[in-house]
Amino acid sequence: MTAPEAVSVLERAADLALKSKAQDVISLDLQGISSATDFFLLATGTSDVHVKAIADQILDELREDGVRPNHVEGLQGGQWVLLDYIDLVIHVFHYTKRQLYQLEELWGDAKRREF
């Protein structure tokens, strides 16, 4: 996926997260900072069930759009779900896990966008 395609998928995923009542939805532009991926999308759920529902909504709707993840982790646990689309990695956190790992601080030099 090209960078413009990744941005388009990122924006769609952010809209889907907000539709599922996710909180604190932000993206981090890691282009030129990380060789692992170009973008992170971070979203927070209020419970394990909410985290799973947000992730499921994103997975299902993006699949309908023809966009499939390369890898999915944490869907069963509900504390931190990672959806890896290679150029875009989506992190859906339970509030406590987001506070613990503080990816926004770890990647503090990345360009940030709030949704």
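One structure accompanies this document, and this report is about it. As a convention, each chain's residues are numbered from 1 in the sequence order in which they are written. Totals for whole chains, interfaces and linings use every residue, but because this is a predicted model, local features are given only for residues with pLDDT of at least 70 and side-chain atom pairs only at 80 or more, for both listing and counting. To obtain the side-chain values, all non-hydrogen atoms of the structure were included, while hydrogens and water were left out.

**Here we look at the overall build of the chain**
And step 1. For the chain, the count of helices and strands is 4 helices and 6 strands.
And step 2. Comment: elements are numbered from the N terminus, with helices defined as DSSP H or I runs of at least four residues and strands as E runs of at least two. Reading the helices (α) and strands (β) of the chain from amino to carboxyl end gives α-β-β-α-β-β-β-α-α-β.
And step 3. Taken over the C-alpha trace, the chain has a radius of gyration of 13 Å; the compact-globule value for 115 residues is 13 Å, and the two agree within 12%.
And step 4. A principal-axis box enclosing the C-alpha atoms of the chain has dimensions of 35 × 35 × 25 Å.
And step 5. Type-normalised accessible area, obtained with a 1.4 Å probe on protein chains alone, sets the label of each residue: buried when under 20%, exposed when over 50%, and partly exposed for intermediate values. With 115 residues in all, the chain has 46% of them scored as buried.
And step 6. Only the protein chains shown count as cover for residues, and all accessible areas are computed by the Shrake-Rupley method using a 1.4 Å probe. Roughly 6,100 Å² of accessible area belongs to the chain as shown, and the carbon and sulfur atoms make up 47% of that amount. For the radius of gyration, the atom set is restricted to C-alpha positions; the globular benchmark scales as 2.2 Å times the number of residues to the power 0.38.

**A word on the side chain of threonine 44**
And step 1. Note that threonine 44 resides in strand E2 (residues 39-45).
And step 2. Polar contact is defined as a pair of N or O atoms within 3.5 Å, subject to the rule that within protein one atom must be able to donate a hydrogen and the other to accept it, and that residues adjacent in sequence are counted only when both atoms are side-chain atoms. One polar contact links threonine 44 to arginine 98, side chain to side chain, over a distance of 2.7 Å.
And step 3. The residues touching threonine 44, leaving out its near neighbours within four places in the chain, are Ala22, Gln23, Asp24, His50, Ile54, Phe93, His94, Tyr95 and Arg98. What makes two residues a contact is simply this: any of their non-hydrogen atoms within 4.5 Å.

**Describing the environment of glutamine 57**
And step 1. Counting through the fold element by element, glutamine 57 comes out in helix H2 (residues 48-64).
And step 2. Exposure remark for glutamine 57: the relative accessible area of 21% places this residue in the partly exposed category.
And step 3. Taking the C-alpha atoms as reference points, glutamine 57 and alanine 13, separated by 44 residues in sequence, lie 9.0 Å from one another.
And step 4. When near neighbours in sequence (up to four residues on either side) are disregarded, glutamine 57 contacts Leu16, Lys19 and Ser20.

**Some details on the sheet that holds strand E1 (residues 23-29)**
By definition, the strands of a sheet pair up through backbone hydrogen bonds, in either a parallel or an antiparallel sense.
And step 1. Paired strands, in this sense, are two strands between which DSSP finds at least two bridges. Reading across from one edge, E3-E4-E5-E2-E1-E6 is the order of the 6 strands in this open sheet, with mixed pairing throughout. In this open sheet, the two strands that pair with only one neighbour each are strand E3 (71-73) and strand E6 (111-114). When strand polarity is set aside, the average angle formed by the axes of neighbouring strands in this sheet is 15°.
And step 2. Here 7 bridges tie E2 to strand E5 (residues 88-94), and the two strands are oriented parallel to one another. Here an angle of 0 to 180 degrees is reported between the N-to-C directions of two axes, which are lines fitted to C-alpha atoms, with helices fitted over the stretch in contact.

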